[in-house]
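Next come the chains, spelled out residue by residue.
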Amino acid sequence: MTFSVRSVRALRPVRALAAALLAGALLAGCSTFSEEGRDQYERSQGEQPAADPSAEASESPKPEPPYDVRPLLQPDKDYLGLAADGAPAKMTAVKDFADKAGKKPNLIEFYSAWGDQYETRLVQNSWDYGAVSFIAWEPFETSLKDIADGKEDEYIREYARSVKELNLPVAISWAHEMNGFWYPWGTKKVTAAQFTAAYKHIHDIFADEGATQVIWVWSPNVTHPMPKVKLEPYWPGDEYVDWVGVVGYYAATGPSTYQSLYGPTMTQIRTFTKKPFIIAETAAQAGERKPADIKDLFQGTAKRKDVIGFVWFNFDKETDWRINSGPLSQKTFREQAQSQSFGFDVTKP
């Protein structure tokens with residue numbers, strides 16, 4: 001199971017659940033998240049981070065509008081993605097990861113709460129570094145019914161207009177892990193019909209505003225913790241989704257191979273769509289098995305032509321998910337990352 005505690009504003013009830021059920025989460029072989037990711041991106045005051053002098057700025061010309069994301073949807077090579085402390089507001093952790101991995105990530109994930117403005121500086125920082133931003137947009141501060149009923153349209157339109165104005169590609173994963181019970185938009189409080197109605201309503205507003213720079217990501221958790229929750233009722237339709245962003249982590253116990261961790265979920269999804277998969281969030285828990293898990297992740301992804309990469313959650317919180325939690329883990333990650341299958345120039349996919 002995934003018990004994320006990234007949102008400061010919605011942290012208390014989720015953290016209580018996480019503390020009580022952390023052991024169960026690890027047994028299920030899914031993710032345990034840190035509040036650090038959300039702490040870095042709390043935007044309740046609408047503030048923008050200062051420019052980061054450590055960022056590797058690019059002098060490439062501004063793309064002609066509207067940016068065409070189609071070449072990024074199914075690239076010939078796989079994405080090497082990263083979520084890291086403070087990134088991309090500051091790029092220090094990204095550069096440190098690249099040094100240790102021996103390769104620059106070309107997809108950078110960060111978390112944005114519902115009500116936050118579109119964080120153009122963060123998206124620009126990622127692009128200047130040579131990466132596409134991947135935003136996990138979390139609707140903590142509203143109900144999905146209100147979204148579907150049009151009560152949030154002004155905010156959504158403002159967000160979409162900002163995306164259009166910046167004119168850079170961005171992947172958006174809205175209300176991730178909707179098939180779990182640990183988020184307010186999960187199965188305890190929201191029906192599949194309410195989820196799909198809200199998802200499609202947001203997408204339709206973006207289309208109406210001409211914000212075509214978005215790669216739309218539909219991101220269920222791996223199904224092991226809740227096998228009775230079927231995914232197809234949550235599917236908005238092929239016309240609303242570009243990537244299927246599966247969330248699943250290698251924990252100390254539970255599924256320990258690519259097939260056992262991701263296979264059942266991917267097999268179920270393949271009954272209703274052929275859209276490409278991306279592992280939207282993953283990492284391996286520190287321990288003896290971690291080097292083998294890292295190798296399994298790289299090789300399993302490379303073998304499946306319908307999986308276009310993964311995003312590594314490089315945090316040390318609750319457990320050490322970082323690639324350098326041990327020397328052999330870092331060595332293995334660096335060796336695997338050298339594969340020509342991973343990493344490419346997102347400006348020339």
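Our structure's up above, just so we're on the same page.
Residue positions are given per chain, counting from 1 as you read along its sequence in written order. Only residues with pLDDT of at least 70 are given local features in this predicted model, and only at 80 or more are side-chain atom pairs given and counted; all residues enter the totals for whole chains, interfaces and linings. Side-chain numbers here rest on the full set of heavy atoms in the structure, without hydrogens or water.

### Digging into the environment of Leu166
Then step 1. Only runs of H or I of at least four residues qualify as helices and only runs of E of at least two qualify as strands under DSSP, and these elements are numbered from the N terminus. With respect to the secondary-structure elements, Leu166 resides in helix α7 (residues 153-166).
Then step 2. When a residue's accessible area, from a 1.4 Å probe over protein chains only, is under 20% of the maximum for its type it is buried; when over 50% it is exposed; and in between it is partly exposed. By relative accessible area, which is 12% here, Leu166 ends up buried.
Then step 3. Sequence-wise, Leu166 and Gln213 are 47 residues apart; in three dimensions their C-alpha atoms are separated by 9.1 Å.
Then step 4. Whether two residues are in contact is decided by their heavy atoms: any pair within 4.5 Å suffices. Excluding its chain neighbours within four sequence positions, the residues that come into contact with Leu166 are Lys62, Tyr118, Thr120, Val123 and Gln124.

### Things to note about the nonpolar core
Then step 1. Nonpolar cores are built from buried Ala, Val, Leu, Ile, Met, Phe, Trp, Tyr and Cys residues. Side-chain atoms within 4.5 Å join them into one set. Core analysis: the largest hydrophobic core is formed by 109 residues, its most contacted members being Trp174, Phe206, Trp218, Trp243 and Phe333.
Then step 2. Looking at this core element by element, the count peaks at seven residues for helix α8 (residues 192-209).

### With respect to the side chain of Asn314
Then step 1. You can see Asn314 is positioned in strand β8 (residues 307-314).
Then step 2. Given the relative accessible area of 10%, Asn314 is considered buried.
Then step 3. Any pair of nitrogen or oxygen atoms within 3.5 Å is treated as a polar contact; in protein, a donor-acceptor pairing is required on top of that, and neighbouring residues in sequence qualify only through side-chain atoms on both sides. A polar side-chain atom of Asn314 sits 2.9 Å from the main-chain amide nitrogen of Ile323.

### Focus on unusual backbone geometry
Then step 1. For the peptide bond that leads from Pro65 to Pro66, omega is -10 degrees, which places it in the cis range.
Then step 2. Residue placement: Pro66 occurs in the loop between α2 (36-39) and α3 (70-73).
Then step 3. Although it is not a glycine, Asn167 sits at a positive phi angle of roughly 60 degrees.
Then step 4. Assignment of secondary structure puts Asn167 in the loop between α7 and β4 (170-174).
Then step 5. Judged by its relative accessible area of 3%, Asn167 is buried.
Then step 6. Unusually for a residue other than glycine, Ala175 sits at a positive phi of about 55 degrees.

### Points about the packing of aromatic side chains
Then step 1. Think of it this way: a Phe, Tyr or Trp ring, Trp meaning its six-membered ring, pairs with another when their centres are within 6.5 Å, and the plane angle makes it stacked under 30 degrees, edge-to-face over 60, tilted otherwise. Throughout the structure, instances matching the rule amount to 35 aromatic pairs.
Then step 2. Ring centres 5.8 Å apart and planes at 70 degrees place the aromatic pair Phe140 and Tyr183 in the edge-to-face group. Pair noted here: Phe140 is in the loop between β3 (132-138) and α6 (144-148) and Tyr183 is in the loop between β4 and α8, with a separation of 43 residues, a long-range link. The pair Phe140 / Tyr183 is uniform in exposure class, with both members buried.

### Describing the pattern of salt bridges
Then step 1. A pair is scored as a salt bridge if a Lys or Arg side-chain nitrogen falls within 4 Å of a carboxyl oxygen belonging to Asp or Glu. Taken as a whole, this structure holds 13 salt bridges when the rule is applied.
Then step 2. Linking Arg322 and Asp320 is a salt bridge whose minimum nitrogen-to-oxygen distance equals 2.9 Å.
Then step 3. The class of Arg322 is partly exposed, set by a relative accessible area of 27%.
Then step 4. Three or more residues joined by partner-sharing salt bridges are found here, namely Arg157, Arg161, Asp208 and Glu209.

### Points about the sheet that holds β8
Then step 1. Read around the barrel, eight strands follow the order β1-β2-β3-β4-β5-β6-β7-β8 and close on themselves; strand pairing throughout is parallel. Strand-to-strand, the axes of this sheet are offset by a mean angle of 30 degrees, without reference to chain direction.
Then step 2. Pairing between two strands requires that DSSP report at least two bridges joining them. As defined by bridge partners, strand β1 (residues 79-84) adjoins strand β2 (residues 107-113) across two bridges and the pair is classed as parallel. Looking at β2, one finds that Gly81 is bridged to Leu107.
Then step 3. Inter-axis angles, ranging from 0 to 180 degrees, are taken between N-to-C directions of lines fitted to C-alpha atoms, where helices are fitted over the stretch in contact. Across the face of the sheet, helix α10 (residues 290-303) comes into contact with β1, β7 (277-282) and β8 while running at roughly 150 degrees to β8.

### Some points on empty space enclosed by the protein
Space left empty within the atom packing is revealed by a probe, the size of a water molecule, rolled over the atoms.
Then step 1. Of the grid points, spaced at 1 Å and generated over the protein atoms alone, those admitting a 1.4 Å probe that cannot get out make up cavities, while open sets with protein on both sides within 12 Å along at least five of seven lines make up pockets; any residue with an atom within 4 Å of a point is treated as lining. Grid points are joined across faces, edges and corners, and a volume is the space filled by probe spheres set on the points. By the definition in use, this model includes one cavity of 30 Å³ or more.
Then step 2. Contributing to the lining of the largest cavity are Glu109, Phe134, Ala136, Ser173, His176, Ser219, Val247, Ala280 and Glu281.
Then step 3. Those elements that provide at least two residues to the lining of the largest cavity are β3 and β7.
Then step 4. All residues other than Ala, Val, Leu, Ile, Met, Phe, Trp, Tyr, Cys, Pro, Asp, Glu, Lys and Arg, Gly among them, are scored as polar; the first ten of these are nonpolar and the last four charged. Of the residues that constitute the lining of the largest cavity, the class distribution is four nonpolar, three polar and two charged.

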